[in-house]
Number of protein chains: 2
Amino acid sequence: MRELQKRPTIHDVARLAGVSASTVSNALNGKGYIRESTRKAILDAAERLSYRPSAVARSLKAQQSRILGFFVSDMSGPVYSEIIAGAARKAEENGYEIVICNSHSREDRVLSSLLSYKMLDGSLVMSPELEDDVLRELARTLFPVVALDRDIDGERLGCVLMDNASSAYGIARLFRERGYDRIGYIGPNPEYRFMHDVQDRNRGFLAGVRDFGLDLPEERYRFGGFTMESGHVCMSDLLALPVRPRAVFAANDEMALGALRALKEKGLRVPDDVAVVGFDDILVSSYVSPRLSTVRRPCLTLGGIAVDLLFGLMKARKSHRLLLPTEIVLRESFT
Amino acid sequence: MRELQKRPTIHDVARLAGVSASTVSNALNGKGYIRESTRKAILDAAERLSYRPSAVARSLKAQQSRILGFFVSDMSGPVYSEIIAGAARKAEENGYEIVICNSHSREDRVLSSLLSYKMLDGSLVMSPELEDDVLRELARTLFPVVALDRDIDGERLGCVLMDNASSAYGIARLFRERGYDRIGYIGPNPEYRFMHDVQDRNRGFLAGVRDFGLDLPEERYRFGGFTMESGHVCMSDLLALPVRPRAVFAANDEMALGALRALKEKGLRVPDDVAVVGFDDILVSSYVSPRLSTVRRPCLTLGGIAVDLLFGLMKARKSHRLLLPTEIVLRESFT
DNA sequence: CTGTTAGCGCCTTCAC
DNA sequence: GTGAAGGCGCTAACAG
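Residues numbered from 1 in each chain as written. Chains lettered and ligands numbered in written order. Predicted model: local features only at pLDDT ≥ 70, side-chain atom pairs only at ≥ 80, totals over all residues. Heavy atoms only, no water.

Colleague: So what exactly am I meant to see when it comes to the overall build of chain A here?
Modeller: Regarding its fold elements, chain A presents 12 helices and 12 strands. Relative to its length of 335 residues, chain A is extended, with a C-alpha radius of gyration of 26 Å against a globular reference of 20 Å. If you line up chain A on its principal axes, its C-alpha atoms span 90 × 45 × 35 Å. The 335 residues of chain A split such that 56% are buried. (Helix = DSSP H or I, 4+ residues; strand = E, 2+ residues; numbered from the N terminus. Rg over C-alpha atoms; globule rule 2.2 N^0.38 Å. Buried < 20%, exposed > 50% of the residue type's maximum accessible area, 1.4 Å probe, protein only.)

This is the structure in structure tokens:
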């Protein structure tokens with residue numbers, strides 16, 4: 001029965017190589033001048049012991065971990081992974097790593113423990129669950145924070161937003177221009193009121209509805225939960241109405257996909273009977289039939305920019321607020 | 001111009017409260033007996049300074065971080081997020097956290113730096129990029145490792161697999177039973193040979209093709225890259241053939257979705273003209289038209305089980321190998 | 001060129 | 001009840 005051997009430390013290497021710990025440190029990190037023979041001996045000893053420096057000890061000494069946190073609540077969405085990819089690339093270019101921390105739960109226990117016990121040099125946040133005050137507290141007491149898709153400011157706190165509102169507004173305009181007057185809307189249910197980007201979409205679209213005089217009575221305004229299932233239910237409800245809408249805007253692609261399914265089940269054609277527009281331009285949206293018209297958001301860019309901003313916050317204390325444009329993509333489901 | 005104030009340490013709290021550091025430590029961690037008045041003073045001081053214990057220092061002292069790593073390369077897939085969710089839940093129940101580390105790159109730099117400089121107590125690995133030897137090395141020198149969907153064993157190394165092969169074999173059997181003799185296959189291109197689960201599917205299906213005497217000539221065996229785009233291309237190629245297949249098996253749902261689109265573009269009906277089967281049962285597969293027949297894998301379960309196994313490895317040195325069943329789900333695209 | 005010393009922030013003895 | 005001392009593993013500063 002073998003003992004659980006402890007990991008070797010720099011002293012073990014030093015002993016084996018017959019030198020001191022600091023010489024080992026220097027040799028391994030390429031600092032200072034070291035005779036080639038001792039250097040060789042040290043490398044050899046390290047190799048023999050499979051020595052790996054402890055990241056924890058290093059971080060303690062260096063007072064930085066070179067790790068950035070990315071707080072997300074959901075992570076399932078395709079949107080997130082693209083943003084993360086953008087962030088990870090930029091972080092890596094600068095010798096940092098990104099770790100994903102899921103902040104799904106809203107319990108206080110999580111807020112005070114999960115959030116405060118990390119070893120991060122900074123963080124990006126995409127969790128609607130984390131309230132503004134929590135972020136401010138985080139930024140104040142722990143490390144700089146960049147919020148994604150949420151309009152917030154404060155000390156050591158930046159944000160980068162996507163212009164959801166104007167594209168949503170643009171959709172309303174297009175409905176008017178193309179003569180789709182009698183519309184339906186699958187919008188965010190109250191549960192999502194704390195999600196900034198979602199609310200932007202909502203406000204933008206409703207403003208457009210008003211400004212362009214679209215016909216959106218209460219019964220054609222449904223509240224969805226941003227899943228395909230929810231989109232399916234909402235659209236089914238819409239279709240059960242005595243007067244059905246000619247065009248429907250869903251606040252994200254997943255709901256729009258669910259809506260397409262409901263339409264299909266009722267034997268209705270898209271866009272001939274009912275036109276549909278989503279939001280996000282997730283990958284699958286251009287593969288379903290009919291291809292979904294939607295709004296594309298610069299997710300990859302967003303991630304990179306957010307990390308840049310975070311680096312800025314880590315160096316200086318300046319905070320920033322950036323707004324990225326979005327773009328309407330017309331495909332088959334609405335033209 | 002305000003200085004970048006450093007985070008307060010336990011000594012700062014001690015000074016403010018007029019006690020020693022160890023008393024603060026005891027008070028904050030509920031150890032030992034402390035007079036209520038000093039205790040109050042300490043809590044108060046900590047609050048005033050917004051003191052947060054340093055996770056790094058703690059980990060160094062405790063010789064554990066209570067953090068588990070989850071190495072993934074892609075992360076974009078819906079499959080991953082479900083597994084991660086399962087793992088995160090189980091980890092949390094035991095006072096651990098999971099951080100996602102992306103190991104997308106195959107460079108040596110990454111293998112030796114990214115992998116060795118972590119502060120993890122253990123890790124789950126779903127990166128095909130990380131070769132078996134790397135995992136063994138990891139397990140030997142750093143921390144216990146549980147590989148997901150990869151058949152490997154070694155010291156402090158466990159694995160949990162999903163039975164890809166028998167379901168893929170089952171698909172072939174179904175093709176035979178339902179009279180779909182002339183088939184096509186969109187399988188993994190050679191680039192994916194290091195992905196264990198994918199290879200299992202491949203082997204299982206090809207074994208079935210042989211055993212059940214299905215008609216799969218070379219030109220109807222295409223190599224795809226597991227994206228919708230790739231599935232689209234492969235299916236288009238298949239349809240350009242003089243004799244087109246009556247049923248097509250794609251090695252994952254994304255490719256199957258791409259295939260459906262190609263079929264749609266050619267004006268072919270599914271399953272009447274060509275039947276299609278995928279693999280994974282991603283969420284959207286039951287929403288597209290026609291709904292996709294596929295193979296469901298117990299992803300949520302997998303994550304939890306993997307963490308359990310990891311805990312086992314962290315306590316004892318025993319290693320394990322688990323195999324989880326999969327299930328064929330028949331929907332509209334093939335019945 | 002190499003070794004000694006000291007300290008990063010915390011916690012665990014062990015005195016008092 | 002509380003404090004002083006020491007050490008987790010590493011590295012920077014300074015001697016030698």
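Colleague: Would you take a moment to explain helix α5 (residues 78–93) of chain B for this structure?
Modeller: Helical periodicity: at 3.6 residues per turn, an α-helix aligns residues three or four positions apart in one direction. For α5 of chain B, built from 16 residues, the straight-helix expectation of 22 Å at 1.5 Å per residue is met to within 8% by its first-to-last C-alpha distance of 23 Å. All of the buried residues along α5 of chain B are Val79, Tyr80, Ser81, Ile83, Ile84, Gly86, Ala87, Ala88 and Ala91 of chain B. Along its buried surface, α5 of chain B packs onto β2 (97–102) of chain A together with β1 (67–72), β2 (97–102), β3 (122–125), β4 (145–148) and α12 (299–315) of chain B. Glycine 95 of chain B sits one or two residues past α5 of chain B and shows a positive phi near 75°. (Expected span 1.5 Å × (residues − 1). Contact = heavy atoms within 4.5 Å.)

Colleague: Can you help me understand the protein's contact with DNA strand D in this one?
Modeller: The environment of DNA strand D is formed by 23 residues, the closest being Ile10, Tyr51 and Arg58 of chain A together with Thr23 and Gln63 of chain B. The sugar-phosphate portion of DNA strand D accounts for 74% of its atoms within 4 Å of the protein, the bases making up the rest. Take tyrosine 51 of chain A: an N or O atom from its side chain is 2.5 Å from a phosphate oxygen of DNA strand D. The backbone of alanine 57 of chain A places a nitrogen or oxygen atom 3.5 Å from a base nitrogen of DNA strand D. Taken together, the residues that form the surface near DNA strand D break down as eight nonpolar, 10 polar and five charged. (Near = heavy atom within 4 Å. Polar contact = N/O pair within 3.5 Å; in protein donor to acceptor, adjacent residues only side chain to side chain. Nonpolar A, V, L, I, M, F, W, Y, C, P; charged D, E, K, R; others polar.)

Colleague: Looking at this structure, how should I read the protein's contact with DNA strand C?
Modeller: Among the 23 residues in the neighbourhood of DNA strand C, the closest are listed as Ser22 and Gln63 of chain A together with Ile10, Tyr51 and Arg58 of chain B. Those atoms of DNA strand C that come within 4 Å of the protein belong to sugar or phosphate at a rate of 73%. Serine 25 of chain B has a polar side-chain atom sitting 3.2 Å from a phosphate oxygen of DNA strand C. Contacts to DNA strand C include tyrosine 51 of chain B, whose side-chain N or O atom sits 2.6 Å from a phosphate oxygen. Considered class by class, the residues forming the surface near DNA strand C number eight nonpolar, 10 polar and five charged.

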